[in-house]
Amino acid sequence: MIQTDLIIIGAGPGGYRAAEYAAKNGLKVIVFETSHVGGTCLNVGCIPTKSFARDAEIIQTLNNAETFGLNGLDYEFDIQKVIRRKDEVIASLRAGIETLLSHPNITLIKAEAQFKDAHTVTADGEEYSASHIIVATGSVPKTLRLEKPAERRVLDSSDLLSIGELPERLCIIGAGVIGMEFASIFNAFGTEVTVVEFLKECLPVLDSDIAKRLRKSLEKQGVTFHMQSSVTAITKAGVVFTDKKGNAVTIEADEVLMAVGRAPRVFDHFSKAGFEYSERTGIAVNEHLQTTVPHIYAIGDVNARQMLAHAAEMQGIHVVNQILGKTDEIRLDIMPAAIFTLPEAACVGLSEDSCKEQGREYVCKKSFWRANGKALAMNESEGLLKLISSPQGDILGCHAYGAHAADLIQEVSALMCRNTTVEQLAHIIHIHPTLSEVLHSAAES
Ligand code: NAI
């Protein structure tokens with residue numbers, strides 16, 4: 001039996017950051033990982049899609065070249081080069097994580113760890129025991145149980161990131177975060193993209209007015225949306241669904257992307273540890289990410305709280321602080337998020353819709369990209385920001401879409417963590433000309 005201070009199962013952003021932080025603080029850590037380090041985020045999620053999104057952004061700029069005084073530009077799109085660049089970005093970051101995990105206090109074991117009991121895991125026939133265990137096993141794509149001929153392949157986002165050739169027609173099931181990002185990217189790549197979504201509006205996390213504007217923007221760029229539509233079958237030809245009027249419609253497609261959510265990655269051996277979990281809701285945790293077995297914690301997608309890489313990272317740091325007996329001021333309730341479409345969207349805290357649902361009094365201040373000097377200079381005049389506060393001026397949230405919306409929302413996040421009011425924000429000097437003035441203008445209005 002090998003004894004250590006902390007066992008971490010999974011080396012995604014939750015697991016590897018927790019390991020690094022614990023090791024720097026003197027804990028001996030063993031990390032188990034069956035695949036590449038970096039998890040979904042690095043290998044088949046955030047990072048590769050951002051590499052693709054950058055390609056898409058360049059293509060969009062090239063398609064508008066004449067606006068910038070560049071007449072007669074021509075280019076040839078090479079998906080293989082796009083994929084190679086993406087793989088190089090991943091490889092470089094993966095090497096960085098492997099270096100972090102080579103810390104003398106960390107042992108990385110490339111094997112599947114299975115719980116034997118609440119203090120022991122087994123891997124490759126060896127037993128390991130620790131006083132604390134962090135489960136950070138991530139999530140897997142959900143799929144719809146639909147009729148489908150054997151010859152029709154249905155892709156998940158990982159498959160699409162390594163696709164051999166650019167599909168002419170892509171049908172995406174689900175207008176959530178993954179669906180919208182891939183719709184935006186492949187539309188820019190030149191694919192004919194159709195999105196079929198069950199709900200009335202895309203991106204339920206986002207203010208519905210902003211979500212609608214973003215959808216309309218992608219529509220204008222060429223993406224076709226079928227909202228309030230329920231997929232009934234996948235055929236050799238494409239995707240069959242019932243539209244909002246009750247008509248059966250078939251969308252012909254060369255490739256189909258299933259993007260209907262992700263499910264926590266749980267395993268039967270979890271039952272040997274004795275904590276509560278389910279396939280649908282993941283591992284049950286309290287506000288300190290502690291499972292129902294107090295020395296075992298679950299961080300990241302597997303607890304199904306917020307399936308975001310930065311949520312996993314900060315949950316991990318918070319857990320390690322507890323193990324070390326340290327207090328911290330990490331506000332896990334203030335969780336910014338971004339959707340990297342063109343233009344991007346981002347949010348933190350409450351939206352107008354959630355205030356209304358909660359029957360809460362609020363003030364909504366708006367600001368538009370079209371009134372911002374830098375945005376016009378960049379030819380990025382599309383965008384709206386809504387700053388939500390209490391009648392007393394406490395910032396409750398901010399939702400936006402427009403170029404670099406994520407950077408603006410990050411500022412609001414920082415201010416919310418420090419309980420800054422809208423009036424105080426209006427008194428903070430913002431550099432001119434920058435997009436950050438969109439936020440400042442909202443606060444001043
Ligand atoms: P999601 O939960 O964001 O969206 C799934 C969408 O599929 C929903 O709009 C839902 O109504 C729709 N849907 C479900 N069943 C359907 C059906 N039968 N027919 C048509 N539509 C249907 O899930 P998504 O986009 O797969 O993303 C998974 C997770 O990954 C999310 O938790 C997301 O936060 C995370 N993620 C985060 C990113 C970011 O932060 N930029 C990027 C990509 C993923």
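The structure we're discussing is the one just above.
Residues numbered from 1 in each chain as written. Predicted model: local features only at pLDDT ≥ 70, side-chain atom pairs only at ≥ 80, totals over all residues. Heavy atoms only, no water.

**Quick word on the site of the ligand**
Then, number 1: Taken together, 21 residues sit near the ligand, with Ile178, Glu181, Glu197, Gly261 and Ala338 positioned nearest.
Then, number 2: In this structure, Val177 approaches the ligand through a main-chain N or O atom, which is 3.1 Å from an oxygen atom.
Then, number 3: Within the side chain of Glu197, an N or O atom sits 2.6 Å from an oxygen atom of the ligand.
Then, number 4: Relative to its free-state accessible area of 840 Å², the ligand is covered by the protein chains to the extent of 77%.
Then, number 5: With four residues, helix α6 (residues 177-189) is the single largest residue contributor to the shell around the ligand.
Then, number 6: Its residues placed into classes, the shell around the ligand shows 14 nonpolar, four polar and three charged. (Near = heavy atom within 4 Å. Polar contact = N/O pair within 3.5 Å; in protein donor to acceptor, adjacent residues only side chain to side chain. Areas by Shrake-Rupley, 256 points an atom, 1.4 Å probe, with all protein chains shown as cover. Helix = DSSP H or I, 4+ residues; strand = E, 2+ residues; numbered from the N terminus. Nonpolar A, V, L, I, M, F, W, Y, C, P; charged D, E, K, R; others polar.)

**What about the packing of helix α1 (residues 13-24) against helix α9 (residues 309-324)?**
Then, number 1: Where α1 meets α9, the axes come as close as 8 Å, and the angle between the chain directions of the two elements is 35 degrees. Considering how the two elements wind past one another, α1 and α9 form a crossing that is right-handed. Touching Pro13, Gly14, Arg17, Ala18, Tyr21 and Ala22 of α1 are Ala309, Ala312, Glu313, Gly316, Ile317, Val320 and Asn321, all from α9.
Then, number 2: Partitioning the contact of α1 with α9 into residue classes produces eight nonpolar, three polar and two charged. (Axes fitted to C-alpha atoms, helices over the stretch in contact; angles between N-to-C directions. Left-handed = near helix turned anticlockwise from the far one by under 90°. Contact = heavy atoms within 4.5 Å.)

**Remarks on the packing of aromatic side chains**
Two aromatic rings are characterised by how far apart their centres lie and by the angle between their planes.
Then, number 1: Applying the stated criterion across every chain, the model contains twelve aromatic pairs.
Then, number 2: Between Phe32 and Tyr128, the aromatic rings sit 5.0 Å apart at their centres with planes inclined by 75 degrees, giving edge-to-face as the arrangement. With Phe32 in strand β2 (residues 29-32) and Tyr128 in strand β6 (residues 126-135), the pair connects residues that are 96 residues apart, well separated along the chain.
Then, number 3: Tyr128 sits in the buried class, given a relative accessible area of 8%.
Then, number 4: With a centroid separation of 5.5 Å and an interplanar angle of 80 degrees, the aromatic rings of Phe270 and Tyr277 are classed as edge-to-face.
Then, number 5: What makes Tyr277 partly exposed here is its relative accessible area of 27%.
Then, number 6: Each member of the aromatic cluster is reached from another via a ring pair, and the members are Phe52, Phe77, Phe182, Phe186 and Phe189.
Then, number 7: Sitting over the face of the ring of Phe368, Arg370 holds its NZ or CZ atom 4.2 Å from the ring centroid. (Phe/Tyr/Trp six-rings, centres within 6.5 Å; stacked < 30°, edge-to-face > 60°. Buried < 20%, exposed > 50% of the residue type's maximum accessible area, 1.4 Å probe, protein only. Lys NZ or Arg CZ within 6 Å of the ring centre and 35° of its normal.)

**A few points about the side chain of Ser129**
Then, number 1: Tracing the backbone shows Ser129 in strand β6.
Then, number 2: Polar side-chain contacts of Ser129 include one of 3.2 Å to the backbone oxygen of His119.
Then, number 3: Those residues in contact with Ser129 that lie beyond four places of it in its chain are Met1, Ile2, Gln3, Thr4, Ile7, His119 and Thr120.

**Digging into the pattern of salt bridges**
Then, number 1: For the coordinates displayed, the defined rule picks out 19 salt bridges.
Then, number 2: A salt bridge links Glu20 to Lys24, with the shortest nitrogen-to-oxygen separation between them at 3.1 Å. Linking Glu20 with Lys24, this pair stays in helix α1, spanning four residues, or about one helical turn.
Then, number 3: Classification of Glu20 as buried rests on a relative accessible area of 10%.
Then, number 4: Residue Lys24 is classed as exposed on the basis of its relative accessible area of 59%. (Salt bridge = Lys/Arg side-chain N within 4 Å of Asp/Glu carboxyl O.)

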